[in-house]
Amino acid sequence: GESVGLHLPTLSVQEGDNSIINCAYSNSASDYFIWYKQESGKGPQFIIDIRSNMDKRQGQRVTVLLNKTVKHLSLQIAATQPGDSAVYFCAENPGGSYIPTFGRGTSLIVHP
Amino acid sequence: DAMVIQNPRYQVTQFGKPVTLSCSQTLNHNVMYWYQQKSSQAPKLLFHYYDKDFNNEADTPDNFQSRRPNTSFCFLDIRSPGLGDAAMYLCATSWTGGETQYFGPGTRLLVL
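Residues numbered from 1 in each chain as written. Chains lettered and ligands numbered in written order. Predicted model: local features only at pLDDT ≥ 70, side-chain atom pairs only at ≥ 80, totals over all residues. Heavy atoms only, no water.

## Overview of the overall build of chain A
Helix and strand counts for chain A stand at zero helices and eleven strands. When the elements of chain A are put in sequence order from the N terminus, they spell out β-β-β-β-β-β-β-β-β-β-β. Taking 112 residues into account, the globule formula puts the C-alpha radius of gyration at 13 Å, and chain A, at 14 Å, falls close to it. Counting only C-alpha atoms, chain A reaches 40 × 30 × 25 Å along its principal axes. Taking all 112 residues of chain A together, 46% fall into the buried category. A separation threshold of at least 6 residues defines the contact pool for chain A, and within that pool the share at least 24 residues apart is 53%. Computing the positive centroid from 9 side-chain charges and the negative centroid from 9, chain A places the two 4 Å apart. (Helix = DSSP H or I, 4+ residues; strand = E, 2+ residues; numbered from the N terminus. Rg over C-alpha atoms; globule rule 2.2 N^0.38 Å. Buried < 20%, exposed > 50% of the residue type's maximum accessible area, 1.4 Å probe, protein only. Contact = heavy atoms within 4.5 Å. Lys, Arg positive; Asp, Glu negative; His and termini not counted. Charge placed at Lys NZ, Arg CZ, Asp CG, Glu CD.)

So this is what it looks like as structure tokens:
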């Protein structure tokens, strides 16, 4: 299930399930979006990106969906594994800017 | 492998004692960033260099300074660390505008 509180929103799933992590972005001028994975004690790592001229992009086990109408971004992870446990951040780049704005982050917990 | 390296990984300092964190990159990226990240929060941009041009965020305290002597290296100087400066400090690089950032592993700073 998903919960939001004083700490990071948390999504708990069972190993093998599909995970969906959501992100609402604020700037309608943003034209480049990135998902990062941050494991405990490490720096964020690039997972997948998408430009505003696309609605969907697929990688290995991951899919990013972009809905510009409602300014919503989602990351889908297929067959979630314990190694996917981490905090996931979305980031948006307004057109012409190289300074991304990070979203709040979601903690994904995968139970074996 | 091309990468972003941060040293040290862990730094303990005393209240008010100056400390310097270092970042180096082999990616030959022209933009280097310093972020502060506290527990359960998104990275917060302190400043960045676009080539030799320094760009400070408006809300970055004067206590934080940076130097970039060449393309490969960038330093974060904290002149008088306070207890509130204890955090993970992340260095990142990118190539020109609006592209993916590559993060280092971070330096965990503890202020006693």
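## With respect to the sheet that holds strand 6 (residues 56–58) of chain A
Residue and element names in this part refer to chain A. Ordered by their spatial adjacency, four strands build an open sheet running 3-8-7-6, and the pairing between neighbours is antiparallel. Among the strands making up the open sheet, the edge pair consists of strand 3 (19–24) and strand 6. Direction aside, neighbouring strands of the sheet carry axes that sit 15° apart on average. Here strand 6 runs beside strand 7 (residues 62–67); their pairing, made up of three bridges, is antiparallel. Bridge assignment links Lys 56 to a residue of strand 7, and that residue is Leu 65. (Pairing = 2+ DSSP bridges. Axes fitted to C-alpha atoms, helices over the stretch in contact; angles between N-to-C directions.)

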